[in-house]
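# Structural features, examined
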Amino acid sequence: MTTLPRSTARKLGLVIDLDTCVGCQACATSCKEWNTGGYSAPLTDQDPYGADPHGAWLNRVHAYEVGEGAQSRTVHFPRSCLHCETPACVTVCPTGASYKRAEDGIVLVNPDTCIGCKLCSWACPYGAREYDYADGVMKKCTLCVDRIYNETFAPEDRIPVCVRACPTGARHFGDLGDPASAVSQLAAERGGFDLLPETGCKPVNKYLPPRPRRDATAASAAATGVSANSGDEASASARFFAWADKVLSR
Amino acid sequence: MHPAYSVIFFTTASGAGYGLLILLGLLGPLGWVPQTSVFGLVGLGLALTLVTGGLLSSTAHLGHPERAWRALSQWRSSWLSREGVASLATYVPAGVLGIGWVFLERTDGFFAAMGVLAAVFAVGTLVCTGMIYASLPTIRAWHQPFVVPVYVALGLATGALLLSLLLLLVGVATAWAPWLAILTLAAAWLLKTASWARADRAERIYTVEQATGLGRFGKVRPLEPPHTQPNYVMREMGYRIGRKHAQKLRRIAVMLTFVVPVLVSALMLAAGSGIGLLLALGAVVSAGAGVLLERWLFFAEAEHVVMIYYGREAA
C-alpha cells in the first residue's frame, strides 16, 4: 500500500554529524558492499571498467566548500534516504512496491513488485532513490533492515553498516521518535536540522551542523549567527571567552 | 529532466486519441457526425488505436513492463495508478459505443449515454496524465496550475484536427469541424503560453545553502562530487538544454502545433474537399510533430530540485 501509515511506532533513522565526517567514503563503500549481497541485491554497476562507469549506490558523500577566506571550511556531506515521515516517493508509487513500515518507519521498495517507472525518484527532493539499470527496479537505503533485526549478529553489529563502518563516529543510528533516545538527545543538544524542510517531506534523519571554529571564536560566532555584541563593555567578556577557548583548545 | 521518448510518444498519441474519442462520444449522439458503420469504425478505430499504441509504448520505459498490471492497484494515492485505471476504464463505454455505432448504426439512447461516459473517462485520463507531472513539487516548471489544462486542451485540439481529416475522408465537408479545430487550438495555444510564462517567472526558491543547511556559515560551493561519472540521478534529473536553444525550439513548437494548423484549418474553410483533404492531413502531421516537440521541451526544460546537491546554484 502506498498510502502512508497514520503514525509509526518508532522512527528509526540516522543522525549524521557534519562536524566530524572526514569524507573517507567508508560509509558509502561499506553500504555498497553490504547491499549488493543483502536486501537490495544485486546492486549493479554499468560499464564498471570502461570509460563511463556508474551504478546504483544508496549513500553518496559530497564535499562542499563553505564560507569565504580564512573562515572557509570543507564540509563532507553524506546523503542517503532520510526515511521521511511523509515520503513523497511512496505515495506516487503506482504499484504499492514502495511503502513505509508502520512498526519502525523504514521506507522500503519491494523489488518483486517494482515496475521501474522511476516516478518515485522524480518525487524525491533528496535524490535518495536510484534506478538499477540491470535489475530494472529502484534501489534505496533500507536502513540495513537485514542487519538491525538480525539476531544471529552480535548486538553491536545490529546497526546499519554505514554506522558500523564510520571511523570517526559521525553516524548515529536510533529511534528519533523517542525523545529520550541517544540520537534524539544528540540531535537536540547539537541543533540537528532537517534537509529542505520546505518540501514538507518531514525527514527523520537529522544532520548536525559543523561546530564553530576554535581558533577564531568571535568571527565564527558571527558566522554561526550567535550575536557577538559589538561595543566595548561586551567585548571584554567576549575577549575573555575567546582567550579561554584558545587556551583550552591547545 | 531526461526526455523519455516512449512517454513523449505516449502522451502525444494517446492525447490525440482521447481527444478524438471525446469529440466522437459527444458529437456522435448529437448527430453532428455520420452515424454510419464506416465512420464509426474509422473514427473509433483510429481513436482507440492511438490510445492503445500510446499506452503500450508507455510501458517501454519501464524496467519491468511485464509487471505493468500492478500499476492499477494504488489509485488511492498515485496519479500514475489513477491514469492506468482511467485509461482502462475508458475502453468499456468506448467499446459499447463502438458496438452500437459500427454494428447497429445507433448512437442514441443507451449508446449516447455510453458516448458521454467515454468522453468523461477520456477527460479523466488526460487530467490524470497532467496530474502525474503537476503533483510533483520537486519540479518547478511542472508544479503549476496550467499543466493539466494544457494536456487536456492539446488532446482536444489534436483530436479536433483528426476529426476534421476523418470527415473529409468519408466525403463530409463541414464548416464546423475546421472551426472546432481553430477554437481548440487557440485555447491550447493560450494555455501553453500561460504555462511557459508561469514556468519562466516562477521563483527559484531552493538554493544549495538551503539544501545543505550550511548557509549559516556563508556561501556554499561544490568541492568534490561523490563520484567521477554521472550517476542515475544526474542522468535522469540533470538533463539540461541551453536557454537559446529552448527559445528557438519553443518557437518551432508553436509554429508546428498552433500557427500552421490554425492557418491550414482557416484555408480549409475556403478550399474545396479535394485540396481540403490534403490540407487536413498536413495540419494533423504538423500538429503531431509540434506536440512531440512540445512534450520533449516539457521534459528538457524542467529542472529538478535535487540537482542543487550536484552543483546547480538554485532550483
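Remember, it's a predicted structure, so these values are computed and weren't measured experimentally.

Quick look at the overall build of chain A now. In terms of helices and strands, chain A carries eight helices and 11 strands. Overall, chain A is about 70 × 45 × 40 Å in size when its C-alpha atoms are taken along their principal axes. Sequence separation of 24 or more characterises 61% of the internal contacts of chain A that already satisfy a separation of 6 or more. Accessible surface computed for chain A: about 10700 Å², of which carbon and sulfur atoms make up 55%. Of the charged side chains in chain A, 26 are positive and 28 negative; the average position of the first set lies 2 Å away from that of the second.

Attention now goes to a nonpolar patch on the surface. All names here are of chain B. On the surface, a nonpolar cluster with roughly 420 Å² of combined accessible area is contributed by Val38, Leu41, Val42, Leu169 and Val170. A per-element tally of the nonpolar patch places helix α2 (residues 37-58) first, with three residues. The exposure class of Val42 is partly exposed, given its relative accessible area of 32%.

Residue and element names in this part refer to chain A. With respect to topology, three strands assemble into an open sheet ordered β10-β1-β11, the strand pairing being mixed. Strand pairing shows two members of the sheet lacking a second neighbour, β10 (171-175) and β11 (206-208), which therefore form its edges. Each adjacent strand pair in this sheet contributes to an overall mean axis angle of 25 degrees, direction not counted. When strand β1 (residues 12-17) meets β11, the two strands line up parallel, connected through three bridges. Across the sheet, residue Asp17 finds its bridge partner in β11, namely Leu208. Across the sheet, helix α6 (residues 182-190) touches β1, β10 and β11, and the angle it forms with β10 is around 120 degrees.

In this structure the tally under the stated criterion is 24 aromatic pairs over all chains. With a centroid separation of 5.3 Å and 80 degrees between ring planes, the pair formed by B:Trp142 and B:Phe299 is classed as edge-to-face. A residue pair is termed long-range when its members are at least 10 positions apart, and B:Trp142 in the loop between α4 (109-134) and α5 (147-169) and B:Phe299 in helix α10 (residues 273-300) qualify at 157 residues. The burial state of B:Trp142 is the same as that of B:Phe299; both residues are buried. In this structure an aromatic cluster arises from ring pairing among A:Trp122, B:Tyr133, B:Trp142, B:Tyr151, B:Phe298 and B:Phe299. Directly above the aromatic system of A:Tyr131 lies the positively charged group of A:Lys118, at a separation of 4.4 Å from the ring centroid.

So, on to the confidence of the model for chain B. Scored by pLDDT, chain B has a mean of 94; 99% of the residues are at 70 or more. Scoring of the predicted complex yields 0.90 for pTM and 0.93 for ipTM.

On to the confidence of the model for chain A, then. In low-pLDDT segments, the atomic positions of the prediction should not be examined closely. Summary statistics for chain A give a mean pLDDT of 90 and a share of 91% for residues scoring 70 or more. Every residue in residues 226-231 of chain A is under pLDDT 50, and counting partners more than four places away or in other chains gives two contacts.

The next point concerns the pairing of β1(A). Counting buried positions along β1(A) gives six out of six residues, so the element sits mostly inside the fold. Side-chain alternation along β1(A) places A:Leu12, A:Leu14 and A:Ile16 on one buried face and A:Gly13, A:Val15 and A:Asp17 on a second face that is also buried.

All names here are of chain B. Direction vectors running N to C along α2 and α5 enclose 150 degrees, while the axes themselves pass 11 Å from each other. When the axis of α2 is compared with that of α5, the two are roughly antiparallel. Considering the relative orientation of α2 and α5, their crossing is right-handed. Across the interface between the two elements, Phe39, Val42, Gly43, Leu46 and Leu50 from α2 touch Leu162, Leu163, Leu166 and Leu167 from α5. Among the residues making up the contact of α2 with α5, the classes are represented as eight nonpolar, one polar and no charged.

The antiparallel open sheet is built from three strands, whose spatial order is β5(A)-β4(A)-β1(B). Each of the sheet's edge strands pairs with one partner strand only, and the pair in question is β5 (73-80) of chain A together with β1 (220-224) of chain B. For this sheet, the mean inter-axis angle between neighbouring strands, taken without regard to orientation, is 40 degrees. In the sheet, strand β4 (residues 59-66) of chain A pairs with β1(B) via four bridges, with the strands oriented antiparallel. Within the sheet, the bridge partner assigned to A:Glu65 lies in β1(B) and is B:Arg221.

Each side of the interface is counted separately: chain A has 63 residues, and chain B has 56 residues. Regarding the contact of chain A and chain B, the summed buried area is about 5000 Å², with carbon and sulfur atoms giving 59% of it. For the chain A face of the interface with chain B, the top three residues by lost area are A:Tyr64, A:Ile115 and A:Trp122, together amounting to 16%. Where chain A touches chain B, the interface holds three salt bridges. Taking the shortest distance from any N to any O, the salt bridge between B:Arg221 and A:Glu65 comes out at 3.4 Å.

Residue and element names in this part refer to chain B. It is at 8 Å that the axes of helix α3 (residues 79-103) and α4 come closest, and there the two elements cross at 160 degrees. As far as their axial angle goes, α4 and α3 are roughly antiparallel. Viewed along their axes, α3 and α4 form a crossing whose handedness is left-handed. The class makeup of the residues in the contact of α3 with α4 is 18 nonpolar, seven polar and two charged.

In this structure, A:Trp122, A:Tyr126, B:Tyr133, B:Trp142, B:Leu163, B:Phe299 and B:Tyr309 are the most contacted members of the largest nonpolar core, which totals 145 residues. Of the residues forming this core, the biggest block, 16 residues, is contributed by α5(B). When near neighbours in sequence (up to four residues on either side) are disregarded, B:Leu163 contacts B:Leu20, B:Leu23, B:Leu24, B:Leu27, B:Val33, B:Phe39 and B:Trp176. Ranked by size, the runner-up nonpolar core spans six residues in total, among them A:Leu176, A:Val183, A:Val204 and A:Leu208.

What counts, and where the lines are drawn
- Residues numbered from 1 in each chain as written.
- Chains lettered and ligands numbered in written order.
- Predicted model: local features only at pLDDT ≥ 70, side-chain atom pairs only at ≥ 80, totals over all residues.
- Heavy atoms only, no water.
- Helix = DSSP H or I, 4+ residues; strand = E, 2+ residues; numbered from the N terminus.
- Contact = heavy atoms within 4.5 Å.
- Areas by Shrake-Rupley, 256 points an atom, 1.4 Å probe, with all protein chains shown as cover.
- Lys, Arg positive; Asp, Glu negative; His and termini not counted.
- Charge placed at Lys NZ, Arg CZ, Asp CG, Glu CD.
- Patch = residues over 30% accessible without salt bridge, like charges linked within 9 Å, V, L, I, M, F, W, Y side chains within 5 Å.
- Salt bridge = Lys/Arg side-chain N within 4 Å of Asp/Glu carboxyl O.
- Buried < 20%, exposed > 50% of the residue type's maximum accessible area, 1.4 Å probe, protein only.
- Pairing = 2+ DSSP bridges.
- Axes fitted to C-alpha atoms, helices over the stretch in contact; angles between N-to-C directions.
- Phe/Tyr/Trp six-rings, centres within 6.5 Å; stacked < 30°, edge-to-face > 60°.
- Lys NZ or Arg CZ within 6 Å of the ring centre and 35° of its normal.
- pLDDT = per-residue confidence, 0-100.
- Parallel < 35°, antiparallel > 145°, perpendicular 65-115°, else oblique.
- Left-handed = near helix turned anticlockwise from the far one by under 90°.
- Nonpolar A, V, L, I, M, F, W, Y, C, P; charged D, E, K, R; others polar.
- Buried area = accessible area lost by both parts, 1.4 Å probe.
- Core = buried A, V, L, I, M, F, W, Y, C linked by side-chain atoms within 4.5 Å.

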